[in-house]
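# Examining the three-dimensional arrangement
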Amino acid sequence: MPRWKPDARQRLVAEALRLFAEQGYDATTVSQIAERAGLTRSTFHRYFGDKRDVLTAGRETLGRLLADGIEAAPPSATPLEAVRAGLEHAAAAMTPFNREISPLMRAAVEANRELQEGLEQKHAGLAAAMAEALGRRRVPRPAARIAAEIGVLAFTTGYQRWNPERDDEELAPHLRAAFEELRSAVTDLR
């Protein structure tokens, strides 16, 4: 085994999710994840506190991307238009690795209540990041929270539709479609 390979963090995430899907979250150990990734247990702990942290990997980065896109929206943008700008900005940063792990994450989360709770916490963190960005645009708190929750729902729906089998497929069209479906549903609530 070579001493060093690039992308250790990504390899740890991918192998953890594969093991969670294959043998279940509870049966998977940090040592197994590290070994499968061709790394040591101490390398795992350089990136993650424990195996649950694998699920929230990238939450801060994604929250920052969404917030940056919201803040960069034109001053005349409505709260929902700003959220859409955040979604577009985040989609532009997604890589084939993000597409590859989508079904692995979904399978692991669906099979374990603890992971479902972790994903709910991740979503809450993303919503908070977007609501704060909207607040900096002087959007009133209730409207900011609602728009942010719609943004999280649009992101998760679009991400789930992103097909890992199609290399030429981008995330942005899926986010746009999910966002427009939600915007239409909100309009129907009047």
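Rules used in this analysis
Residues numbered from 1 in each chain as written. Predicted model: local features only at pLDDT ≥ 70, side-chain atom pairs only at ≥ 80, totals over all residues. Heavy atoms only, no water. Phe/Tyr/Trp six-rings, centres within 6.5 Å; stacked < 30°, edge-to-face > 60°. Buried < 20%, exposed > 50% of the residue type's maximum accessible area, 1.4 Å probe, protein only. 1 Å grid on protein atoms, 1.4 Å probe; cavity = no way out; pocket = protein on both sides within 12 Å on 5 of 7 lines; lining within 4 Å. Points joined across faces, edges and corners; volume = space filled by probe spheres on them. Helix = DSSP H or I, 4+ residues; strand = E, 2+ residues; numbered from the N terminus. Nonpolar A, V, L, I, M, F, W, Y, C, P; charged D, E, K, R; others polar. Salt bridge = Lys/Arg side-chain N within 4 Å of Asp/Glu carboxyl O. Contact = heavy atoms within 4.5 Å. Axes fitted to C-alpha atoms, helices over the stretch in contact; angles between N-to-C directions. Parallel < 35°, antiparallel > 145°, perpendicular 65-115°, else oblique. Left-handed = near helix turned anticlockwise from the far one by under 90°. Polar contact = N/O pair within 3.5 Å; in protein donor to acceptor, adjacent residues only side chain to side chain.

## Some thoughts on the packing of aromatic side chains
Each aromatic ring pair is characterised by the separation of its centres together with the angle its planes make. Per the stated rule, a full pass over the model turns up 5 aromatic pairs. Arranged with centres 5.3 Å apart and planes meeting at 45°, the rings of Phe44 and Phe48 form a pair that is tilted. This pair shows no difference in class: Phe44 is buried, exactly as Phe48 is. Ring geometry for Tyr47 against Phe48: centres 6.5 Å apart, planes inclined by 45°, an arrangement best described as tilted. For Tyr47, a relative accessible area of 38% translates into the label partly exposed.

## A word on the layout of surface pockets
By volume, the largest pocket amounts to about 710 Å³. If you go around the largest pocket, you meet 30 residues; those closest to its centre are Ala57, Asn98, Met105, Lys122 and Tyr159. Secondary structure elements with two or more residues in the lining of the largest pocket: helix 1 (8-23), helix 4 (59-72), helix 6 (96-110), helix 7 (113-136) and helix 8 (141-161). Broken down by element, the lining of the largest pocket gets its largest block of residues, 8 residues, from helix 6. Of the residues assigned to the lining of the largest pocket, the class counts are 16 nonpolar, 9 polar and 5 charged.

## Here's the deal with the pattern of salt bridges
For the structure shown, the criterion picks out 14 salt bridges. As a salt-bridge pair, Arg18 and Glu15 come within 2.9 Å of each other at their nearest N and O atoms. You can see Arg18 and its partner Glu15 sitting in helix 1, 3 residues apart, about one turn around the helix. Looking at Arg18, the relative accessible area reads 26%, which means it is partly exposed. Its salt-bridge partner being Glu22, residue Arg36 comes within 2.6 Å of it at the nearest N-O pair. Residue Arg36 is found in helix 2 (residues 30-36), and its partner Glu22 is found in helix 1; the two are separated by 14 residues along the sequence. Residue classification places Glu22 among the exposed residues on the basis of a relative accessible area of 53%. One connected set of salt bridges, linked through shared partners, spans Glu15, Arg18, Glu22, Arg36 and Glu100.

## Observations concerning the environment of Ala131
Relative to the elements of secondary structure, Ala131 occurs in helix 7. Assessed through its relative accessible area of 17%, Ala131 is described here as buried. Along the primary structure Ala131 and Pro79 are separated by 52 residues, whereas in three dimensions their C-alpha atoms are 9.6 Å apart. Not counting the four nearest positions on each side in its chain, Ala131 is found in contact with Ala144, Arg145 and Ala148.

## Some thoughts on the packing of helix 5 (residues 79-93) against helix 9 (residues 172-188)
Where helix 5 meets helix 9, the axes come as close as 9 Å, and the angle between the chain directions of the two elements is 160°. With respect to helix 9, the element helix 5 is oriented roughly antiparallel. Once helix 5 is placed against helix 9, the crossing between them reads as right-handed. Between helix 5, through Leu80, Glu81, Val83, Arg84, Leu87, Glu88 and Ala91, and helix 9, the contact on the second element is made entirely by Ala172, Leu175, Arg176, Phe179, Glu180 and Arg183.

## Some words on the environment of Glu88
With respect to the element layout, Glu88 can be found in helix 5. By relative accessible area, Glu88 is classed as partly exposed at 26%. As for Glu88 and Ala172, which are separated by 84 residues in sequence, their C-alpha atoms are 6.1 Å apart. Not counting residues up to four positions away in its chain, the partners in contact with Glu88 are Ala172 and Arg176.

## Describing the side chain of Thr43
One can find Thr43 in helix 3 (residues 41-47). You can call Thr43 buried: its relative accessible area is 9%. Here the side chain of Thr43 touches Thr40 through a polar contact of 2.9 Å, side chain to side chain.

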